[in-house]
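The lines below spell out each chain.
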Amino acid sequence: MVQEEQDRVLEGTERIAGRAALRNNVAGAVALANAVRSTLGPKGLDKLMVSGDGGYLVTNDGVTVLESARVEQPTAKMLISTSRAQDDEVRDGTTSTVVLTAELLVNALELVDRGVHPTIIASGYRMCGPVVEQTLGEIAKPADDGTSFDSVRTSLAGKGDAGLQDKLAELAHNAAQATGSGEVEHTRVLTERSGSIKDSELIPGIVLVKARVHREMELKSEAGRILILDGGIEKRKPEIETSLKITNTGAIEAFRARERAGLQGRIDSLKAANIDCIVARDGIEEEAHPMLAAAGILAYRRVERPEIEHLCRATGARPVFDIDDIQDEDVGKFASIREEKWHGVEHTIFEGSQSQGVTVVLRGSTDMRLEEAGRAFNDALGVACQLIREPQLLPGGGATHIALARRLRRHAETIPGREQMAIEGFAAALESIPRILAENAGMNPIDELLRVTAAQADADSAWQGLDINTGQTTDMGKASIVEPLSVTRHAIAGATEAAISVLRIDDVLWAKQDAQTPDWQTED
Ligand code: ADP
Ligand code: MG
């Protein structure tokens, strides 16, 4: 394309190219990282987010800060989605991801200014991947019950007071251990605005915000059999509507009697299958309620699909479509079913026989406290579940990052090309984590970084790190400051990918007008 033609194509856009584009993009990333860096670590501060309509939110959660902020800059937006991906996949480590990405970009820009091409920097950053992966594997230690708990507790550092952290860590750890699946979805979270966080509890089953269909039905304090119906107990619609010509009251009576007998027949088959409780996704005919009560069957209707699925996990039941064809393997087992009034609202608590579906009820006095507790709990549950899937731990407190940096610097020496400089830049970026942890605790970041680096060399151990609570450089395992391997690995990989994709942009085009409107429409 000749220049003139190119200019015409780009008419109506603002264009920033080459180094200016990179500078701009880095500035966006840094601005974003600056917004969250002060929340990093146990001494991180909270952010007060104020919305346009005067609503507000206090949070220590990086991803929440980012998602609530109004961000227009394209790189910053991209970074937010990287941190969201971290949140979706491992839930923890979101602030670290953003901070690392920005730091990788700042170091890259410095190299660009010194004449290194962004492509070389990207390739150097890529070369760090396998070294990081291998080193992480060497540093990691297998987790056991005690250290898993420590790791969950570490993820809550800086979130609320110690009482809250202990309670949430215990709930998240126990929930993940109970389900044993490593799936966060297998733990349902219910928030209740009453009582205090200490009254929060783990229920080995599910809580439905509804009551049984009929008062006369008896609740179950003992174990029993539960049938989950993917449908309802309703009168069968006549096959051909029009063929039903009711001419006299006798016929109506006879028709009703047949209907009733039909319902009774289905309830008899439930009884024959020794069902103690039935939960239906659709309705249960009013007329059937007293029949069910008389048969000693407890019934719930109009239960949503996610709750049905959770109930299946908790009881081992499989949803059936037809009551007349109950197979024994479809029947689930519950431990007990009780009702409680919370806040004046009926709740039914199903305790299951299988622990694959559990519920954590978080209690708190204000919505704001509950929301922040909920976010912290999510991180903690994510960590606990990660550890079920991959029970490997790394030292926290910047120890892992410093160990990686030391290894990468040694590796850089073996690379003859300019990539060497990029690898050094990568190592320096990793050190931003311990630097910021120290900074947020009011310590001198450079002194602490040097101290930990020396301690690692001295003890020949990657587990030497900075305990922010005591201000000491010590073994992170002994200090119980540990993190899942998967969280750290994911954060570094995510940050590297994000930084590389920003480095590969050398042209930013901002549309001056609505991109959806073709020129010929606006011309006249
Ligand atoms: P993120 O969103 O990245 O998880 P956090 O605010 O949760 O950010 O901070 C996590 C960092 O805090 C981790 O690097 C972790 O090792 C560190 N950390 C937690 N507790 C301590 C502690 N007592 N001493 C030093 N570092 C700690
Ligand atoms: Mg965290």
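Residues numbered from 1 in each chain as written. Chains lettered and ligands numbered in written order. Predicted model: local features only at pLDDT ≥ 70, side-chain atom pairs only at ≥ 80, totals over all residues. Heavy atoms only, no water.

**Q** Residues and numbers for the pattern of salt bridges, please.
**A** Under the definition given, this model contains 26 salt bridges. Between arginine 451 and glutamate 448 there is a salt bridge; the shortest N-O distance is 3.0 Å. Here the residue arginine 451 and the residue glutamate 448 both occupy positions in helix α16 (residues 445–459), the gap between them amounting to three residues, near one helical turn. Connected via shared salt-bridge partners are Arg19, Arg23 and Asp113. (Salt bridge = Lys/Arg side-chain N within 4 Å of Asp/Glu carboxyl O. Helix = DSSP H or I, 4+ residues; strand = E, 2+ residues; numbered from the N terminus.)

**Q** I'd like a rundown of the sheet that holds strand β6 (residues 201–203), residues and numbers included.
**A** Spatially, three strands are ordered β5-β13-β6 in an open sheet, and the strand pairing comes out mixed. Either end of the sheet is taken by a strand with one partner, and the two such strands are β5 (187–192) and β6. Each strand of the sheet is rotated relative to its neighbour by a mean of 25°, with strand direction disregarded. Looking at chain direction, β5 and strand β13 (residues 358–363) are connected through six bridges and run parallel. The residue bridging threonine 191 from the neighbouring strand is leucine 362, located in β13. Against the sheet, helix α8 (residues 162–179) contacts β5, β6 and β13, and its axis sits at roughly 170° relative to β13. Helix α12 (residues 367–389) contacts β5 and β13 of the sheet and is inclined by roughly 145° relative to β13. (Pairing = 2+ DSSP bridges. Axes fitted to C-alpha atoms, helices over the stretch in contact; angles between N-to-C directions. Contact = heavy atoms within 4.5 Å.)

**Q** Quick rundown of the packing of aromatic side chains? Include the residues and the values.
**A** Applying the stated criterion across every chain, the model contains two aromatic pairs. With a centroid separation of 5.5 Å and 70° between ring planes, the pair formed by tyrosine 125 and phenylalanine 426 is classed as edge-to-face. Taken together, the residues span a long stretch of sequence, with tyrosine 125 in helix α6 (residues 118–139) and phenylalanine 426 in helix α14 (residues 419–430) at a distance of 301 residues. A residue is classified by how much of its surface remains accessible, and phenylalanine 426, at 2% relative accessible area, is buried. Between tyrosine 300 and phenylalanine 350, the aromatic rings sit 5.2 Å apart at their centres with planes inclined by 65°, giving edge-to-face as the arrangement. Taken as a pair, tyrosine 300 in strand β10 (residues 298–300) and phenylalanine 350 in strand β12 (residues 345–352) lie far apart in primary sequence, 50 residues in all. Here tyrosine 300 and phenylalanine 350 have matching classes, each one buried. Above the plane of the ring of tryptophan 463 lies lysine 141, whose end atom (NZ or CZ) is 4.2 Å from the centre. (Phe/Tyr/Trp six-rings, centres within 6.5 Å; stacked < 30°, edge-to-face > 60°. Buried < 20%, exposed > 50% of the residue type's maximum accessible area, 1.4 Å probe, protein only. Lys NZ or Arg CZ within 6 Å of the ring centre and 35° of its normal.)

**Q** Break down α6 for me, with residues and values.
**A** Here α6 spans 31 Å end to end across 22 residues, near enough to the 32 Å set by a 1.5 Å rise per residue. Taken residue by residue, α6 has Ile121, Ala122, Gly124, Tyr125, Cys128, Val131, Val132, Thr135, Leu136 and Ile139 as its buried positions. Contact partners of the buried residues in α6: α5 (94–113), β4 (141–142), β14 (392–395), α13 (399–412), α14 and α17 (485–503). (Expected span 1.5 Å × (residues − 1).)

**Q** Residue-level account of the site of ligand 1, with values.
**A** By nearness alone, 21 residues border ligand 1, and Asp92, Thr95, Ser96, Gly397 and Glu483 come closest of all. Within the backbone of glycine 41, an N or O atom sits 3.0 Å from an oxygen atom of ligand 1. One nitrogen or oxygen atom from the main chain of leucine 466 is found 3.4 Å from a nitrogen atom belonging to ligand 1. Alone, ligand 1 offers 580 Å² of accessible surface; in the complex the protein occludes 96% of this. (Near = heavy atom within 4 Å. Polar contact = N/O pair within 3.5 Å; in protein donor to acceptor, adjacent residues only side chain to side chain. Areas by Shrake-Rupley, 256 points an atom, 1.4 Å probe, with all protein chains shown as cover.)

**Q** Please set out the sheet that holds strand β17 (residues 482–484) residue by residue, giving values where relevant.
**A** Within the open sheet, the three strands sit side by side as β4-β14-β17. Their pairing is antiparallel. Each edge of the open sheet is held by one strand with a lone partner, namely β4 and β17. Here helix α7 (residues 145–155) sits on the sheet in contact with β4, β14 and β17, set at roughly 95° to β17. Relative to β17, α17 is tilted by about 70°, and along the sheet it contacts β14 and β17.

**Q** I'd love a proper account of the packing of α7 against α8, names of residues and values included.
**A** Packing of α7 against α8 leaves a shortest axis separation of 9 Å and a crossing angle of 130°. Accordingly, the angle class assigned to the pair α7 and α8 is oblique. In the crossing of α7 with α8, the sense of the turn from one axis to the other is right-handed. In contact with Asp145, Ser148, Phe149, Val152 and Arg153 of α7, α8 contributes Ala162, Gln165, Asp166, Ala169, Glu170, Ala172, His173 and Gln177. Looking at side-chain class alone, the contact of α7 with α8 contains five nonpolar, four polar and four charged residues. (Parallel < 35°, antiparallel > 145°, perpendicular 65-115°, else oblique. Left-handed = near helix turned anticlockwise from the far one by under 90°. Nonpolar A, V, L, I, M, F, W, Y, C, P; charged D, E, K, R; others polar.)

**Q** Explain the side chain of serine 148 to me, using residue names and the numbers behind them.
**A** Among the secondary structure elements, serine 148 is positioned in helix α7. Once residues lying within four places of it in the same chain are set aside, the contact partners of serine 148 are Ala143, His173, Leu387 and Leu393.

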